[in-house]
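Results of the structural survey
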Amino acid sequence: QVHLVESGGGLVQSGGSLRLSCLAAGPSFNMYSMAWWRQAPGKEREFVGGINWSGDNTYYANAVKGRFTISRDNAKHMVYLQMNNLNPEDTAVYYCARRSPASRRPDNPGGYEYWGQGTQVTVSS
């Protein structure tokens, strides 16, 4: 059984930083790509970025490229999302997700097998 738990959300001023963490309980964590998604009120869930199983390949949505960084620690079963230079448009619930090996596109939510419960990030102007 896989269980994903996000933490680290909160309220931050525009221009500030936050670091989100995701603990992935369950077997074979280091065999799977992971990703972060977000969902703002009234909007569809949006791909933020992903990381491959070994951590040596990351990819990001254009909206966050250059500001957000994803990393992982396989020994600790952790995935991180470092968010810098935040702006009010980044306000959303952020989700950690485990990507299915059969997934063809990292930005297709249907390609993810497990999701966390989410953590709220609010950026004030």
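In what follows, the structure referred to is the one given above.
First things first, this report covers the structure right here in the doc. Given the structure is predicted, the values throughout are model-derived calculations rather than measurements. (Residues numbered from 1 in each chain as written. Predicted model: local features only at pLDDT ≥ 70, side-chain atom pairs only at ≥ 80, totals over all residues. Heavy atoms only, no water.)

**Focus: the pattern of salt bridges**
For the record, the criterion: One side-chain nitrogen of Lys or Arg within 4 Å of one carboxyl oxygen of Asp or Glu is enough to make a salt bridge. Only DSSP runs of H or I with at least four residues qualify as helices, and only runs of E with at least two residues qualify as strands; both kinds are numbered from the N terminus onward.
Tallied over the entire structure, the rule returns five salt bridges. Of the charged contacts, one joins Asp90 and Arg38 as a salt bridge, the two residues approaching to 2.9 Å between their closest N and O atoms. Of this pair, Asp90 sits in the loop between β8 (78–83) and β9 (92–99) while Arg38 sits in strand β4 (residues 34–39), and the two are 52 residues apart along the sequence. Taken together, the shared-partner salt bridges connect Arg38, Glu46, Arg67 and Asp90 into one network.

**Considerations on the nonpolar core**
Using the following cut-off: Here, nonpolar core means buried Ala, Val, Leu, Ile, Met, Phe, Trp, Tyr and Cys residues that are tied together by side-chain atoms lying within 4.5 Å of each other. Buried residues are those whose accessible area, probed at 1.4 Å on protein chains only, stays under 20% of the maximum for their type, while exposed residues exceed 50% and partly exposed ones sit between those limits. Pairs of residues are marked as contacts when any of their non-hydrogen atoms sit within 4.5 Å.
Formed by 26 residues in total, the largest nonpolar core has its most connected members in Trp36, Phe68, Val79, Leu81, Met83 and Tyr94. Listing elements by their share of this core, those giving two or more residues are β3 (18–25), β4, β5 (46–51), β7 (68–73), β8, β9 and β11 (119–124). Setting aside chain neighbours within four positions, we find Tyr94 in contact with Glu6, Leu20, Trp36, Trp37, Arg38, Val48, Phe68, Leu81, Met83, Gly118, Thr119 and Val121. In terms of nonpolar packing, the next biggest core, distinct from the first, is built from seven residues, Ala35, Trp37, Tyr59 and Tyr95 among them.

**So, the sheet that holds β8**
Here is the rule: Whether two strands pair comes down to DSSP finding at least two bridges between them. Between the N-to-C directions of two axes lies an angle of 0 to 180 degrees, each axis being a line fitted to C-alpha atoms and, for a helix, fitted only over the stretch in contact.
Read across the sheet, four strands follow the order β1-β3-β8-β7 without closing on themselves; strand pairing throughout is antiparallel. Taken across any chain shown, the strands that pair with only one partner, and hence form the sheet edges, are β1 (3–7) and β7. If you compare each strand with its neighbour and ignore which way they point, the axes differ by 15° on average. Pairing between β3 and β8: six bridges, direction antiparallel. In the sheet register, Leu20 faces β8, and the bridge partner there is Leu81.

**Section: the packing of aromatic side chains**
How two aromatic rings sit relative to each other is given by the distance of their centres and the angle of their planes. So the rule is basically this: Classification of ring pairs uses Phe, Tyr and Trp, with its six-membered ring standing for Trp, and accepts pairs whose centres are within 6.5 Å; under 30 degrees between planes counts as stacked, over 60 as edge-to-face, and the remaining range as tilted. Charge-over-ring placement is defined geometrically: NZ (Lys) or CZ (Arg) within 6 Å of the ring centre, and within 35 degrees of the ring normal.
Using the criterion set out here, one finds five aromatic pairs in the structure. Among the aromatic residues, those joined into a cluster by ring pairs are Trp37, Phe47, Tyr59, Tyr112 and Trp115. Above the face of the Trp115 ring, Arg45 is positioned so that its terminal group lies 4.7 Å from the ring centre. It is Arg98 that lies over the ring of Tyr32; its NZ or CZ is 3.5 Å from the centre.

**Observations regarding the pairing of β9**
Within β9, seven of the eight residues are buried, which leaves the element mostly enclosed by the surrounding structure. Here β9 runs beside β11; their pairing, made up of three bridges, is antiparallel. Bridge pairing links Val93 to Gln120 in β11.

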